[in-house]
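Examining the three-dimensional arrangement
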Amino acid sequence: MAESITAQRVTGWDKPEQLDLSKADWQSGSQGAGDVQIAFVEGFIAMRNAAAPGSPSLIFNPAEWRAFVLNARDGAFDLT
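Treat the numbers as computed from the prediction; the structure is a model and nothing was measured.

For the rest of this paragraph, the subject is the overall build of the protein chain. Assigned secondary structure in the protein chain consists of 1 helix and 6 strands. In the protein chain, the succession of α and β elements from N to C terminus is β-β-β-β-β-β-α. The buried share of the protein chain, taken over its 80 residues, is 29%. Split by element, the accessible area of the protein chain, about 5,800 Å² in all, is 54% carbon and sulfur.

As structure tokens, then:
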């Protein structure tokens, strides 16, 4: 089953209309519950839920990914 992402057209949207994730090399950071996987595809970063790999993936451009990682490291997304 080929997985692809269709991006909606929005002013300033710099992601491709279609991004083929069918041959993505998904990488996991750990094997724990709530694990996410990432893949680097055509200059973008895709992130998905490892427990539900068929669910939609989030697509980041490099600047968005950097901002996400820096904020995560700073605890911006901590729920406690």
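Attention now moves to unusual backbone geometry. We note that E42 has phi near 50 degrees; this positive angle belongs to a residue other than glycine. One can find E42 in the loop between β4 (36–41) and β5 (44–49). Look at E42 and you get exposed, because its relative accessible area is 59%.

Here we take up the nonpolar core. In a soluble, globular protein the nonpolar side chains are often hidden away together inside. Among the nonpolar cores identified, the biggest contains 9 residues, and these are L19, L21, A24, W26, A39, V41, F44, A46 and I59. Elements that contribute at least two residues to this core include exactly β4 and β5. When sequence neighbours within four positions are dropped, the list of residues in contact with W26 reads L21, Q37, I38, A39, A46, M47, R48 and S57. Counting residues in hydrophobic clusters, the runner-up holds 5 residues, among them I38, I45, M47 and W65.

This brings us to the pairing of β4. Looking at chain direction, strand β3 (residues 27–28) and β4 are connected through 2 bridges and run antiparallel. By the bridge assignment, S28 is partnered in β4 with Q37. The pairing of β4 with β5 spans 6 bridges and is classified as antiparallel. What sits directly across from F40, in β5, is I45. In this structure, the hairpin formed by β4 and β5 is closed by a connection of 2 residues, where E42 is found at a positive phi of approximately 50 degrees.

With antiparallel pairing, 4 strands are arranged side by side in an open sheet as β3-β4-β5-β6. Single-partner strands in this sheet number two, and they are β3 and β6 (58–60). Along the sheet, helix α1 (residues 62–73) makes contact with β4, β5 and β6, crossing β6 at roughly 105 degrees.

Each value, and the rule that gives it
- Residues numbered from 1 in each chain as written.
- Predicted model: local features only at pLDDT ≥ 70, side-chain atom pairs only at ≥ 80, totals over all residues.
- Heavy atoms only, no water.
- Helix = DSSP H or I, 4+ residues; strand = E, 2+ residues; numbered from the N terminus.
- Buried < 20%, exposed > 50% of the residue type's maximum accessible area, 1.4 Å probe, protein only.
- Areas by Shrake-Rupley, 256 points an atom, 1.4 Å probe, with all protein chains shown as cover.
- Core = buried A, V, L, I, M, F, W, Y, C linked by side-chain atoms within 4.5 Å.
- Contact = heavy atoms within 4.5 Å.
- Pairing = 2+ DSSP bridges.
- Axes fitted to C-alpha atoms, helices over the stretch in contact; angles between N-to-C directions.

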